[in-house]
Amino acid sequence: MFANYDQIIERLSVNQLWDFPGGVHPPQQKSLSNKSNIEFIPLEPTYYVPVKQHIGVEGKLLVAEGDRILKGQLLTASESPFSVPVHAPTSGIVAKITRHVSAHPSGIPELSVIIDADGQDTWIELKPVPDYAKADKSELIERICDAGISGMGGAGFPTHIKTNNSKPLEFLIINGIECEPYISSDDRLMREHAWQIRQGIDILVHILKPKQVIIAVEDNKPEALETMSIACQQKTNYQVVNVPTKYPAGGEKQLVQVLTSREVPSDGLPIDVGCIMYNVATCYAIADAIVEGKPLIERVVTLTGRGLKSPKNVWARLGTPIQSLLLHGNYDASTQSSPRFIMGGPMMGFTVTSVLTPIVKISNCILVPADNELPHPEDERACIRCSACSDVCPASLLPQQLFWYSKSKELEKAEEYNLFDCIECGACAYVCPSEIPLVHYYRQAKADIRNQREEKEKSDKAKIRFEVRTARLQKEKEAREEKYRLASEARKASMNKDGGNAKDKIAAALARAKAKKEAFAKEAENAQSAENIKKKESVSELSDSFALPKTKLVAVDEDAAAKKERVAAAVAKAKAKKVAADEAKKENKEL
Amino acid sequence: MTMLSLSSSPHHHNRRDTGQVMRIVCYATIPGILANIWFFGFGILIQIALAIITALVTEGVIMELRQKKTERVLKDYSAVLAALLLAVSIPPLAPWWVIVIGTFFAIAIVKQLYGGLGYNMFNPAMAAYVMLLISFPIQMTSWLPPLSIAEQSHTLWDAIHTVFTGFTSTGFSVEQLKVGVDGTTMATPLDEVKTALLQGYTVTEATTRIIFDGAYGKGWLWVSLAYLLGGLFLIKNKIISWHIPGSMLASAALLSLSLFLIDGDQYASPLFHIFNGSLIIGAFFIATDPVSASTTVKGRLIFGAAIGLWVIIIRNWGGYPDAIAFAVLIMNMAVPLIDYYTQPRTYGHKNKASKDS
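All values reported here derive from a predicted model rather than from experimental measurement.

A. Focus on the overall build of chain A. From N to C terminus, chain A includes 14 helices and 16 strands. Its C-alpha radius of gyration of 48 Å places chain A more than 25% over the 25 Å reference for a compact globule of 591 residues. C-alpha extents for chain A along the principal axes are approximately 165 × 60 × 55 Å. Across the 591 residues that make up chain A, the buried fraction comes to 48%. Once local pairs closer than 6 in sequence are excluded, the contacts in chain A between residues at least 24 apart make up 74%. As displayed, chain A offers around 29,000 Å² of accessible surface, 55% of which is attributable to carbon and sulfur atoms. A gap of 10 Å separates the mean positions of the 79 positive and 79 negative side-chain charges of chain A.

See the structure below:
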């Protein structure tokens, strides 16, 4: 399906490339800002350094308010593999550690270290790697991480993670496309610092051992093409290629396709098709970090747009508030009906919420458009299904369908139409005749889906928790019942034994009682007959009339005693019967 | 903190909006309309004027009822374009109420009742055309012969008079205007051939009548060519893509060619089919209506090709001499299905979008 290594090399050698579907050609406007050298700007009194400037997690703070710090000093420590440290852009005092407006479309305040410069700009002691060619791969990767380098082309992916690669690598691609209109920071960097970029590439080659290096520059930057070609001419496996200008050729996926015909799998990375890509500014920063030992504390920022009287490129320290850059660009407020500042380019940049928004590692441009230059968006009209959007989509999506499902919140359908393969390049919205802010709808739908997933994850977790609890309770109940069962069995067993005893006892008692009764009855009989004889004798002796009632009385007494004895026996019998019945009842219950 | 102006990316936009697109399509019909006036008189202008007025009033009233931004909606020119396409499709001297009813139906029923621009499933002009054709068959088939062979000529005033009263200022009826110099009543070339074939004549015999110039109807060929010019202008300016007209004409030509090769007496040649009737205007101006057409590249090819096939099938075996409207409406119904099964393969995916998730 895709071209193999040799086919690609053959085509690259004659600068014959592939194409990506769609794409647009917005007016370039690069010449506004790319005419003069990158300028240095004076030190700022205050810098606002956000603790997190990349994709991943933030590092642990190493400084406290009031600390005196040196230029290049670590402000945070990288603790997890996904965190990248930030450094002090100059020497001075940590004035405050607080939340400050972020370089993000929302502007939601983020934890930032606010530094008051002391004006000395004193470096900490720098520790360059004397000879990277002899250095260990893992040491270099650690250095890249410690220097705080994350992708400077836009996404801000931590560079050390990308560099720590163990899969086979065919193409190391250096991205000098800079396809967004207006921006010229990479252009100027390549023109002025091609040699250092080459150094950075050399270091990457040493670490990654690619079969081939491709340096891709768009053909609207002939000077940069030339300087990069000169810088790389001694290296046989470095190929500088001239890529036809088309937006978004600089997108990672699109550039891989243009250079190799290969497509990065939807859920994969460029390395899955044998490629790794770095931005030229990242290469420059890598060379700084290894050869000079300098951490990433400044970058080239394009100040452009017709709202600035002197558009240019400047070296801006990370943490510089954009208001001072506007000053350097001679902001002309009369060109704008309401102030509007875009961080990034006109296609993918975002409007900042405050002039105190700081420059961060991914800020390549501050665009100040005059009102008539990039007119404010009008109300959207109805989609007429003209499919101009799908004609320009570089990912071959159907933007009008995605729009339809995003707008109607049919999120499952939107996902089915591969919403998450949208790279938000904005080509669709650029051509839409109904001026529908398509990307805006996609971002919202993506956020909604992510929220739903989080909710689902939460509810799944809750469900698992519930199930575990139910299972635990069930187990406890069973254990409890088992215990009861055993106990009752034991009791029954002992009861059976006891029960026998009891019967014996009762029988014995009955027997005893019977014996006693019989004995008593006999005795009574004997006594009676003896008495009768005696009586007879006394009656005969005294008189018969007295004797009779007495005899009668005695006989009655004797009868009562016998009766009492019988009742007691009956009660004992009934009692024994009842105990036996109760026992049987209990047994039934338990069974 | 100063309030900054915020907006979502992209901040850049190319400046061709929906209104412009629709207007350019309207302009592209001008060569065809001029040719029509040249060969068939001024009737078409009156129909266009009536249709546009009716469309704007209808759409405006509905927008007011729906409490939408009336002016902004009217300025998208979609109603004007639909009216224009209906007006050029009906006989030039049809009574005024035919076009008024048709346009009202197109805008109010076919378009707005379905939700307005972008939501209508059927092409408004074609749905209205079919409604008129079925409801008022006499008025809708009273086509005039080209002026060059008509017994009676008529002026702009005659045309206005006829549309509103049914008679020219000098008292001729439409029936009388239809009579050719040879004294027989004229029909369209497609109708002539269809009738002749039913009467047992061959195609060649049928095309010897005076309204023909070789295989083509007098005047009709030039009108078609003029619309073709406008259509090519639209493609060149990327207002429409070539896929629908290209596949539609190709499939119509292929089917009619095969039939012609099988039996040239019973079936007319591809050139006859392409340049007579409304195949050209249908291919470039009607089937390309974005709202009711397929949106994927492959889908557009299928959509166009199927319309081409239906046109030839209905022309040859159906009850009507021409079939653009029926063919377009049939395929409008198939659009959701076509679009679903012709989704492009997304970057980084192995299969078609909806099947590999």
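B. Inspection of the packing of helix H3 (residues 43-65) of chain B against helix H5 (residues 78-87) of chain B at higher detail. Residue and element names in this part refer to chain B. Viewed as axis vectors pointing N to C, H3 and H5 meet at an angle of 145°, and their least axial separation amounts to 8 Å. The handedness of the crossing between H3 and H5 comes out as right-handed. Contacts between H3 and H5 involve Ile44, Gln47, Ile48, Ala51, Ile52, Ala55, Leu56 and Glu59 from the former and Ser78, Ala79, Val80, Ala83, Leu84 and Ala87 from the latter. Taken together, the residues of the contact of H3 with H5 sort by class into 11 nonpolar, 2 polar and 1 charged.

C. Focus on the nonpolar core. The biggest cluster of nonpolar side chains holds 98 residues, and the ones touching the most others in it are Ile90, Phe285, Phe303 and Ile307 of chain B. The contacts of Phe303 of chain B, once residues within four sequence positions are left out, are Ile244, Ala287, Ser292, Ala293, Ser294, Met331, Asn332, Val335 and Ile338 of chain B. Core analysis: the next-biggest nonpolar cluster, separate from the first, contains 67 residues, Ala194, Val240, Ala285 and Leu318 of chain A among them.

D. Region of the structure containing the confidence of the model for chain B. Residues and elements named next belong to chain B. Model confidence for chain B is summarised by a mean pLDDT of 91, while 98% of its residues fall at 70 or above. Confidence drops under pLDDT 50 across residues 353-357; counting only partners more than four residues distant or on other chains, this segment forms 13 contacts. For this predicted complex, the interface score ipTM comes out at 0.87, alongside a pTM of 0.81.

E. The pairing of strand S11 (residues 275-279) of chain A, seen in detail. All names here are of chain A. Where burial is concerned, most of S11 is hidden: 5 out of the 5 residues are buried. Sheet topology places strand S8 (residues 171-176) next to S11; 5 bridges connect them, and they run parallel. Across the sheet, the residue bridging to Phe171 is Cys275, located in S11.

F. Representation of the pattern of salt bridges in the model. Residues and elements named next belong to chain A. The final tally for this structure, using the stated rule, is 39 salt bridges over all chains. We note a salt bridge from Lys162 to Glu252, for which the minimum N-O separation is 3.9 Å. Taken together, the residues Lys162 in helix H3 (residues 159-163) and Glu252 in helix H6 (residues 252-260) connect sequence positions 90 residues apart. Between Asp448 and Lys409 there is a salt bridge, with the nearest N and O atoms lying 2.7 Å from each other. Of this pair, Asp448 sits in helix H13 (residues 438-541) while Lys409 sits in the loop between helix H10 (399-407) and helix H11 (411-416); the two residues are 39 residues apart in sequence, bridging distant segments of the chain. One salt-bridge network, held together by shared partners, links Lys71, Asp121, Glu298 and Arg317.

G. Layout of the pairing of strand S10 (residues 238-243) of chain A. All names here are of chain A. Where strand S9 (residues 212-218) and S10 come together, 6 bridges link them in parallel fashion. Within S10, the residue paired with Val213 across the bridge is Tyr238. As for the winding sense of the linkage, the β-α-β connection from S9 through helix H5 (residues 222-232) to S10 is right-handed.

H. Up close: the side chain of Thr302 of chain A. Residues and elements named next belong to chain A. With respect to the helices and strands, the residue Thr302 is situated in strand S12 (residues 298-304). Separated by 3.1 Å, the side chain of Thr302 and the backbone nitrogen of Ser184 make a polar contact. A distance of 2.6 Å separates the side chain of Thr302 from the side chain of Asn313, its partner in a polar contact. Residues in contact with Thr302, not counting those within four places in the same chain, are Ser33, Tyr182, Ile183, Ser184, Ser185, Lys312, Asn313, Asn364, Cys365 and Ile366.

I. Summary view of the confidence of the model for chain A. With 91% of its residues at a pLDDT of 70 or more, chain A has an overall mean of 89. Within the model, pLDDT remains below 50 along residues 543-548 of chain A, and this stretch shows 4 contacts once partners closer than five positions in the same chain are excluded.

J. Focus on a nonpolar patch on the surface. Judged by side-chain polarity, Trp404 of chain A together with Phe104, Ile109, Leu113, Tyr114, Tyr119, Met121 and Met333 of chain B come together as a nonpolar surface patch covering roughly 830 Å² of accessible area. Of the residues examined, Leu113 of chain B reaches a relative accessible area of 64% and is grouped as exposed.

K. Region of the structure containing the interface of chain B and chain A. On the side of chain A, 67 residues touch chain B, which itself brings 46 residues to the contact. Summing both partners gives a buried area of about 4,700 Å² for chain B against chain A, and 51% of it is carried by carbon and sulfur. Considering only the surface of chain B that becomes buried against chain A, His11, His12 and Tyr347 of chain B emerge as the three largest contributors, covering 19% of it. Linking chain B to chain A there are 5 salt bridges. Between Asp379 of chain A and Lys69 of chain B there is a salt bridge whose closest N-O contact spans 2.4 Å. Elements represented by at least two residues in the side of chain B that touches chain A include exactly helix H1 (18-28) and helix H18 (324-341) of chain B.

Calculation criteria
- The numbering scheme is per chain: residues are counted from 1 as the chain's sequence reads.
- To label them, take the chains in the order written and letter them from A, then take the ligands in the order written and number them from 1.
- Where local features are concerned, this predicted model is filtered to residues with pLDDT of at least 70; where side-chain atom pairs are given and counted, the filter is 80 or more; whole-chain, interface and lining totals use all residues.
- No hydrogens and no water enter the side-chain calculation; it runs on all heavy atoms of the structure.
- A helix here means a DSSP run of H or I that spans at least four residues, while a strand means a run of E at least two residues long, and both kinds are numbered starting from the N terminus.
- The globule rule used here is 2.2 Å times the number of residues to the 0.38 power, and the radius of gyration it is set against is calculated over C-alpha atoms.
- Buried means the residue's accessible area, taken with a 1.4 Å probe over protein chains only, is under 20% of the maximum for its type, while exposed means over 50%, and partly exposed covers the values in between.
- Throughout, a residue-residue contact means that at least one pair of heavy atoms, one from each residue, lies within 4.5 Å.
- For every accessible area listed, the method is Shrake-Rupley and the probe measures 1.4 Å; residues are considered covered only by the protein chains on display.
- Note on charges: Lys and Arg go in the positive column, Asp and Glu in the negative column, and His and the chain ends are not counted at all.
- By convention, the charge on Lys lies at NZ, on Arg at CZ, on Asp at CG and on Glu at CD.
- Throughout, an axis means a line fitted to C-alpha atoms (over the contacting stretch in the case of helices), and angles, computed between N-to-C directions, take values from 0 to 180 degrees.
- When the near helix sits turned anticlockwise from the far one by under a right angle, the crossing is termed left-handed; a clockwise turn instead gives a right-handed crossing.
- Residues are grouped as follows: Ala, Val, Leu, Ile, Met, Phe, Trp, Tyr, Cys and Pro are nonpolar; Asp, Glu, Lys and Arg are charged; every other residue, Gly included, is polar.
- Among buried residues, those of type Ala, Val, Leu, Ile, Met, Phe, Trp, Tyr and Cys that are joined through side-chain atoms within 4.5 Å constitute a nonpolar core.
- Predictor confidence is given residue by residue as pLDDT, running from a minimum of 0 to a maximum of 100.
- DSSP bridges decide pairing: two strands pair if at least two such bridges lie between them.
- Salt bridges, as used here, are contacts in which a Lys or Arg side-chain nitrogen is within 4 Å of a carboxyl oxygen on Asp or Glu.
- Throughout, right-handed denotes a crossover for which the path from the first strand over the helix to the second runs clockwise when the strands point away from the viewer.
- Pairing of N or O atoms within 3.5 Å defines a polar contact, subject to two protein rules: one partner must be a possible hydrogen donor and the other a possible acceptor, and residues neighboring in sequence count only if both atoms are side-chain atoms.
- Nonpolar side chains (Val, Leu, Ile, Met, Phe, Trp, Tyr) within 5 Å and like charges within 9 Å form the patches, drawn only from residues with over 30% relative accessible area and no salt bridge.
- Put simply, buried area is how much 1.4 Å-probe accessible surface two parts lose in total, over both of them, once they are put together.

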